[in-house]
Amino acid sequence: MPSAATHNLPLGEHFNAPIRCHIWRSKRRRWTRALLDQERKEFFETRVTGRPEVWTALSVALSFMRVGDLVTAQSIIDAAGITVPTGDLCQGCYDEQGALYRLPQCIVSDPENIARSLRLTMTDDHDDDDDVDVGFETDDGKLSLNEASGDELIADDVERERRRDEKGKTSERDLILVKARLSDRGGPDIVISVAKSQNVGFIARKVQQEAGISRMHRVRIAYLGKILKEQTPLVDQGWKPGHVVNALVATRPLSS
């Protein structure tokens, strides 16, 4: 606990404690190494508030913390001017301007009950099946990796839009350019043109086609760290023109 003297700090300054490891156990999800790595990559790629250099410093410092190198992690935190009032990054930290940065547990450290592999989480017997998570969490339930989203659906949707464009039903004013960043590669981003009224599911399938992603995979669209609803247009879910969306590429499970 901070001493009584810390309450006399000038307004805008924060008590700074040495960083420490965050220890936790997952109760809702069955985390694997691959899922944690993916979650962390997407988290830092989708930050839109705060200073980019602070997020970068936090990302690098956390990578050292996870391997037990607290000395190097602390030096990075200090060099970036970040203060951690409790020493636990999960409880919040501040930059030099006093802006608050929040980090979820799964971003800061691995849970004590991390699963050894995705295959084990799908085949092991568990008393609580709700703990097994083999997809992304969404507003309307979990992302099922075996829903229909194959090449035939992509081709049908794209062909329908092409015919509609030829008939003059889609004017330039009704079109939007969407830039998607794929989770399975370093670049380049995929840019597609679609009607404003097209739902997110169509955008995901068109990105899948443009990127040459096989039907063995499925694409879901995320924006600002949130999986978007497939049946709702992009513009109706808070997306702003010029903003990049994340295209999450998941491998479909092999059918038995």
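Residues numbered from 1 in each chain as written. Predicted model: local features only at pLDDT ≥ 70, side-chain atom pairs only at ≥ 80, totals over all residues. Heavy atoms only, no water.

A.B. asks: When you look at the overall build of the chain in this model, what are you seeing that I'm missing?
C.D. replies: For the chain, the count of helices and strands is seven helices and nine strands. In the chain, which comprises 256 residues, the proportion classed as buried is 40%. Long-range pairs, those at least 24 residues apart, make up 65% of the contacts in the chain between residues at least 6 apart in sequence. For the chain, the computed accessible surface area is about 14,600 Å², with 51% contributed by carbon and sulfur atoms. (Helix = DSSP H or I, 4+ residues; strand = E, 2+ residues; numbered from the N terminus. Buried < 20%, exposed > 50% of the residue type's maximum accessible area, 1.4 Å probe, protein only. Contact = heavy atoms within 4.5 Å. Areas by Shrake-Rupley, 256 points an atom, 1.4 Å probe, with all protein chains shown as cover.)

A.B. asks: What am I meant to see in the sheet that holds strand β5 (residues 175-182) here?
C.D. replies: Pairing between the strands of a sheet is mediated by backbone hydrogen bonds and can be parallel or antiparallel. The five strands are arranged β6-β5-β9-β7-β8 in an open sheet whose pairing can be described as mixed. Only two strands of the sheet have a single neighbouring strand rather than two, namely β6 (190-195) and β8 (226-227). Examined bridge by bridge, strand β7 (residues 217-223) and strand β9 (residues 244-251) share six bridges and lie antiparallel to one another. By the bridge assignment, Ala222 is partnered in β9 with Asn246. Against the sheet, helix α7 (residues 200-210) engages β5, β6, β7 and β9, with an angle of about 140 degrees to β6. (Pairing = 2+ DSSP bridges. Axes fitted to C-alpha atoms, helices over the stretch in contact; angles between N-to-C directions.)

A.B. asks: Is there a simple way to think about the environment of Ile114 in this case?
C.D. replies: For Ile114, the position within the fold is in the loop between α4 (105-108) and α5 (118-123). Ile114 gets classed as partly exposed once you look at its relative accessible area, which sits at 28%. Considered as a pair, Ile114 and Arg25 are 89 residues apart in the sequence and their alpha carbons are 8.2 Å apart. Beyond its immediate chain neighbours, meaning those up to four positions away, Ile114 contacts Trp31, Thr32, Arg33 and Leu36.

A.B. asks: For this particular structure, what's the right way to read helix α1 (residues 33-45)?
C.D. replies: An α-helical segment advances 3.6 residues per turn. Residues three or four places apart therefore align on the same side. Along its 13 residues, α1 runs 18 Å from first to last C-alpha, staying within 8% of the 18 Å computed at 1.5 Å per residue. Among the residues of α1, Leu35, Leu36, Arg40, Glu42, Phe43 and Phe44 are the ones counted as buried. Buried residues along α1 sit in contact with α2 (52-65), α4 and β9. (Expected span 1.5 Å × (residues − 1).)

A.B. asks: What's the story with the pairing of β7 in this structure? I'm lost.
C.D. replies: Across a regular strand the side chains alternate sides, sitting on one face of the sheet and then on the other. Of all seven residues in β7, six are buried, a share of seventy percent or more. Hairpin geometry of β7 and β8 is characterised by an intervening segment of two residues between the two adjacent antiparallel strands and by a positive phi of about 55 degrees at Leu224.

A.B. asks: Would you mind showing me how to read the nonpolar core here?
C.D. replies: One recurring pattern in soluble globular proteins is that nonpolar side chains are buried together. In this structure, Phe44, Leu58, Leu62, Ile82, Leu89 and Leu103 are the most contacted members of the largest nonpolar core, which totals 26 residues. Elements supplying a minimum of two residues to this core: α1, α2, α3 (70-79) and α4. Among the elements that make up this core, the one with the highest residue count is α2 (seven residues). When residues no more than four places from it in sequence are discounted, the contact partners of Ile82 are Asn16, Val54, Ala57, Leu58, Ile77, Cys93 and Tyr94. Membership of the second largest hydrophobic core comes to 23 residues, among which are Ile213, Ile221, Leu228 and Val245. (Core = buried A, V, L, I, M, F, W, Y, C linked by side-chain atoms within 4.5 Å.)

A.B. asks: Sorry if this is basic, but what is going on with α7 here?
C.D. replies: Counting buried positions over the 11 residues of α7 gives nine, a clear majority of the element. Of the residues trailing α7, Gly212 is marked for its positive phi of about 70 degrees.

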